[in-house]
Amino acid sequence: MAAPTAEVVRRAPKALLHDHLDGGLRPATVVELAEASGYDGLPTTDPAALGTWFRDAADSGSLVRYLETFSHTVAVMQTEEQLTRVARECALDLAADGVVYAESRFAPELHIDGGLSLEQVVEAVLAGFREGEAEAAAAGTPIRMRALLTAMRHAARSREIAELAVTYRDSGVGGFDIAGAEAGFPPTRHLDAFEYLRRENAHFTIHAGEAFGLPSIWEAIQWCGADRLGHGVRIVDDVQVGDDGVAVLGRLADYVRDRRIPLEMCPSSNIQTGAAESVAAHPISLLKRLRFRVTVNTDNRLMSGTSMSREMQLLVDEAGWTLEDLRWVTINAMKSAFLPFDERLELIEHVVKPGYAALGA
Ligand SMILES: O=c1[nH]cnc2c1ncn2[C@@H]1O[C@H](CO)[C@@H](O)[C@H]1O
Ligand SMILES: [Zn+2]
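If you're wondering where the values come from, they're calculated on a predicted model, not measured in any experiment. (Residues numbered from 1 in each chain as written. Chains lettered and ligands numbered in written order. Predicted model: local features only at pLDDT ≥ 70, side-chain atom pairs only at ≥ 80, totals over all residues. Heavy atoms only, no water.)

## With respect to helix H16 (residues 323-336)
Step number 1: A rise of 1.5 Å per residue sets the reference length of H16, with its 14 residues, at 20 Å; its end C-alpha atoms lie 20 Å apart and thus fit the reference within 8%.
Step number 2: Burial within H16 is extensive, with 10 of its 14 residues counted as buried. (Helix = DSSP H or I, 4+ residues; strand = E, 2+ residues; numbered from the N terminus. Expected span 1.5 Å × (residues − 1). Buried < 20%, exposed > 50% of the residue type's maximum accessible area, 1.4 Å probe, protein only.)

## Quick word on the UniProt feature "domain: Adenosine deaminase" (unreviewed entry) in the chain
Step number 1: As recorded in UniProt, the feature "domain: Adenosine deaminase" (unreviewed entry) lies at residues 13-353.
Step number 2: Overall, residues 13-353 shows 49% helix and 15% strand. The separation of its end C-alpha atoms is 9 Å. (UniProt positions renumbered as here; feature names shortened; annotations may be inferred.)

## Regarding a negative patch on the surface
Step number 1: A contiguous patch of negative charge on the surface is contributed by Glu80, Glu81, Glu119 and Glu123.
Step number 2: Taken together, the elements giving at least two residues each to the negative patch come down to helix H6 (80-96) and helix H7 (118-138).
Step number 3: Tracing the chain through its elements places Glu80 in helix H6.
Step number 4: On the basis of relative accessibility, which here comes to 34%, the residue Glu80 falls in the partly exposed class. (Patch = residues over 30% accessible without salt bridge, like charges linked within 9 Å, V, L, I, M, F, W, Y side chains within 5 Å. Areas by Shrake-Rupley, 256 points an atom, 1.4 Å probe, with all protein chains shown as cover. Salt bridge = Lys/Arg side-chain N within 4 Å of Asp/Glu carboxyl O. Lys, Arg positive; Asp, Glu negative; His and termini not counted. Charge placed at Lys NZ, Arg CZ, Asp CG, Glu CD.)

## Examining the pattern of salt bridges
Step number 1: Evaluated as defined, the whole model comprises 24 salt bridges.
Step number 2: Here Asp19 makes a salt bridge to Arg301, at a shortest N to O gap of 2.9 Å. Separated by 282 residues along the polypeptide, Asp19 in strand S1 (residues 14-20) and Arg301 in helix H14 (residues 301-304) bring together distant segments of the chain. Note on accessibility: Asp19 and Arg301 belong to one class, buried.
Step number 3: For Lys288, the salt bridge goes to Asp325, with nearest N and O atoms at 3.3 Å. Taken together, the positions of Lys288 in helix H13 (residues 283-289) and Asp325 in helix H16 put the pair 37 residues apart, joining distant regions of the chain.

## Things to note about the coordination of the zinc ion (ligand 2)
Metal coordination angles have textbook ideals: 109.5 degrees for a tetrahedral set of four donors and 90 or 180 degrees for an octahedral set of six.
Step number 1: The zinc ion (ligand 2) binds to the protein through His18 (NE2), His20 (NE2), His207 (NE2) and Asp299 (OD), with metal-donor distances spanning 2.1 to 2.2 Å.
Step number 2: For the zinc ion (ligand 2), the 4 donor atoms are set out with angles of 84 to 170° between them, so the coordination reads as irregular.
Step number 3: The exposure class of His18 is buried, given its relative accessible area of 0%.
Step number 4: By relative accessible area, Asp299 is classed as buried at 2%. (Donors = N, O, S within 2.8 Å, 3.2 Å for Na, K, Ca; no water. Tetrahedral: all angles 85-135°; square planar, octahedral: opposite > 155°, others 65-115°.)

## Considerations on the side chain of His18
Step number 1: Within the element layout of this structure, His18 appears in strand S1.
Step number 2: There is a polar contact of 3.5 Å between the side chain of His18 and the side chain of Arg105.
Step number 3: Setting aside its immediate chain neighbours within four residues, His18 contacts Glu103, Arg105, His207, Gly230, His231, Glu264, Cys266, Asn297, Thr298 and Asp299. (Polar contact = N/O pair within 3.5 Å; in protein donor to acceptor, adjacent residues only side chain to side chain. Contact = heavy atoms within 4.5 Å.)

## A few points about the sheet that holds strand S6 (residues 228-231)
Step number 1: Ordered by their spatial adjacency, 8 strands build an open sheet running S1-S2-S3-S4-S5-S6-S9-S10, and the pairing between neighbours is parallel. Edge strands, defined here as strands with exactly one partner in the open sheet, are S1 and strand S10 (294-296). Averaged over all pairs of adjacent strands, the angle between strand axes in this sheet comes to 25°, irrespective of strand direction.
Step number 2: Bridge count between strand S3 (residues 144-152) and strand S4 (residues 173-179): 6 bridges; the pairing is parallel. Considered in S4, the bridge of Leu149 is made with Phe176.
Step number 3: Its contacts with the sheet place H16 against S1, strand S2 (99-106), S6 and S10, and it is angled at close to 100° to S10. (Pairing = 2+ DSSP bridges. Axes fitted to C-alpha atoms, helices over the stretch in contact; angles between N-to-C directions.)

Here it is in structure tokens:
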């Protein structure tokens, strides 16, 4: 099968499970919001230069340094108007890129410095998603948005944020997540939150196996009960590939594959934080070949200067992916969405499959 063209990749329906709201602002919006609110900490007020600055600063090879860049975006997401605008633009930008379903995550506790309550933060973001959905539908590029509420793994508010996720589960919140520096902050620190969510029949994903290896993945699954893994790239440490190409899986990798645990993989982000060498060498292609439940994601569009189309195009250009592969990861993502089963089926059958069929897959 010939490699899909850039136009085909752009038009292909996409599903996005791992995208940070505070990592996806338009550079021009960061500049405007900083100016209007009096935030004078930006390294430059030229939008193009600021976009480059984020990419370069995030290109540090270290997750901790990468995360430092978020201080500038979080600084301009402290009022209801700011949060609603950022959320609306997020939905519009994703829809324009061919994304038909997206889960966008953010940490409510990072947005209360201006005096908002956690509830006000969540409601402002959900209002922005609704606005963006309505405008995108009117523009002929419908998208369905869900929020994931993140708790910061170094902090101590995870139980509270988990309760917030349950409170808003029928109003646009799909589930819960923990993020932030991984080394030194194992997911079991937040066991109370995860046990609460399981008792509530609620869904959650955990950033694990990004900056730290197999023990983090093992805890996330076997102690915490994560539905999905954020990144999970280091699961390849439990896969041995012989010279003949035959792969032998360890018990944890076997478990992840047997149970169809979704891996929210983010190639460009992983290269920036040093979790992978290059797109060509990224474990995602091996894991796809071994039929793990692989998905493709953006993580932070601003910090990586990326989009879903760009991540997919990189896999096509540098790792030999086909349109069939893109269709497969899109269906994997829809199957793994924190959305009711009937809504997932509807999107797969009525949007994703016909969309790829029209493109020749
Ligand atoms: O790849 C990542 N790994 C871990 N944490 C992350 C990553 N990207 C963003 N955040 C963290 O999640 C918070 C809420 O969205 C962001 O503020 C950032 O600190
Ligand atoms: Zn992430």
